[in-house]
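Structural description and commentary
Read off the chains here:
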Amino acid sequence: AFSKIRRQGQAHDSTCCGAAVAAYSATKVPSGENWVVDMEQMALTRLLAPYRKKIAADPEPMKALAYANFEISHDYIREQISKPEGVCKEIAVLGGIMVNLPGDVGDRFVPITFEVLDCSTGRHEDLFASLGLGQAAPHRFGTSERRRPFFEPHAAAIAGAPGA
């Protein structure tokens, strides 16, 4: 079952990523300027709102919640990168989902994307195949929209910069 686990030293199961489960279960979306006061809980509630119907329609909604949460995080991190050509040589991103497992079984990481950007040339490369796990998920969660390369907007900006 997705979303609950019995952790060592606990008598009862508890949720995995409780903030995401609470955000999905919330009955209303926070509004106004102060919605980020409790960033983990309130922000997730607001950011998950567009995915709520697709999550609920999935046969395994807690698994779908993990994938929706990945999309939100993936997009947020992409937006935080500003003018990489001025501050670094290369950037790599390895994104995925942590799967909490019970007892002494170690948690697992499910990679979804692995890419690198050359910050001086704008050349970007998808390295997912080098992980030996087959092909990366080709579509964004809940859509038929193809997943765009993580560094695509940054590469375009670098290539279009003066002197590039």
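Look a little higher up for the structure.
**Thoughts on the overall build of the chain**
Broken down by element type, the chain carries five helices and five strands. Ordering the α and β elements of the chain from the N terminus gives β-β-α-α-α-α-β-β-β-α. Looking at the chain as a whole, 30% of its 164 residues are labelled buried. In the chain, the share of contacts with a sequence separation of at least 24, taken over all contacts with a separation of at least 6, comes to 50%.

**A closer look at the environment of Ser120**
Mapped onto the fold, Ser120 is located in the loop between strand S4 (108–118) and strand S5 (124–126). Taking the C-alpha atoms as reference points, Ser120 and Pro84, 36 residues apart in sequence, are found 8.4 Å from one another. Residues contacting Ser120, with those up to four places away along its chain left out, are Lys89 and Ile158. Polar contacts involving the side chain of Ser120 include one to the side chain of Asp118, which spans 2.7 Å.

**Quick word on the packing of aromatic side chains**
Applying the stated criterion to the full structure yields two aromatic pairs. Each ring, one from Tyr51 and one from Phe141, has its centre 6.0 Å from the other, and the planes form 40°; the classification is tilted. Here the residue Tyr51 occupies a position in the loop between helix H2 (39–48) and helix H3 (52–57), and Phe141 occupies one in the loop between S5 and helix H5 (152–160), the gap between them amounting to 90 residues. The exposure classification of Tyr51 matches that of Phe141, with both residues buried. Arranged with centres 4.9 Å apart and planes meeting at 90°, the rings of Phe150 and Phe151 form a pair that is edge-to-face. Residue classification places Phe150 among the buried positions, given a relative accessible area of 1%.

**Focus on the nonpolar core**
Counting nine residues, the largest nonpolar core is built from Leu48, Tyr51, Ile55, Met62, Ala64, Leu65, Ala68, Ile72 and Phe141. Of the residues forming this core, the biggest block, five residues, is contributed by helix H4 (residues 61–80). If we skip the residues at most four places from it in the chain, Ala68 touches Leu48, Tyr51, Ile55 and Phe141. If you look at the next biggest cluster of nonpolar residues, it comprises seven residues, including Val93, Leu117, Phe150 and Ala155.

**Some details on the sheet that holds S5**
The strands that make up a sheet pair up through hydrogen bonds in the backbone, lying either parallel or antiparallel. With antiparallel pairing, three strands are arranged side by side in an open sheet as S3-S4-S5. The strands lining the two open edges of the sheet, one partner per strand, are strand S3 (90–99) and S5. Between one strand axis and the next, the sheet turns through 20° on average, direction left out of account. Sheet analysis places S4 next to S5, joined by three bridges and oriented antiparallel. Counted as the bridge partner of Val116 is Glu125 from S5. With respect to the sheet, H5 is in contact with S4 and S5, its orientation differing from that of S4 by roughly 5°.

Conventions adopted
Residues numbered from 1 in each chain as written. Predicted model: local features only at pLDDT ≥ 70, side-chain atom pairs only at ≥ 80, totals over all residues. Heavy atoms only, no water. Helix = DSSP H or I, 4+ residues; strand = E, 2+ residues; numbered from the N terminus. Buried < 20%, exposed > 50% of the residue type's maximum accessible area, 1.4 Å probe, protein only. Contact = heavy atoms within 4.5 Å. Polar contact = N/O pair within 3.5 Å; in protein donor to acceptor, adjacent residues only side chain to side chain. Phe/Tyr/Trp six-rings, centres within 6.5 Å; stacked < 30°, edge-to-face > 60°. Core = buried A, V, L, I, M, F, W, Y, C linked by side-chain atoms within 4.5 Å. Pairing = 2+ DSSP bridges. Axes fitted to C-alpha atoms, helices over the stretch in contact; angles between N-to-C directions.

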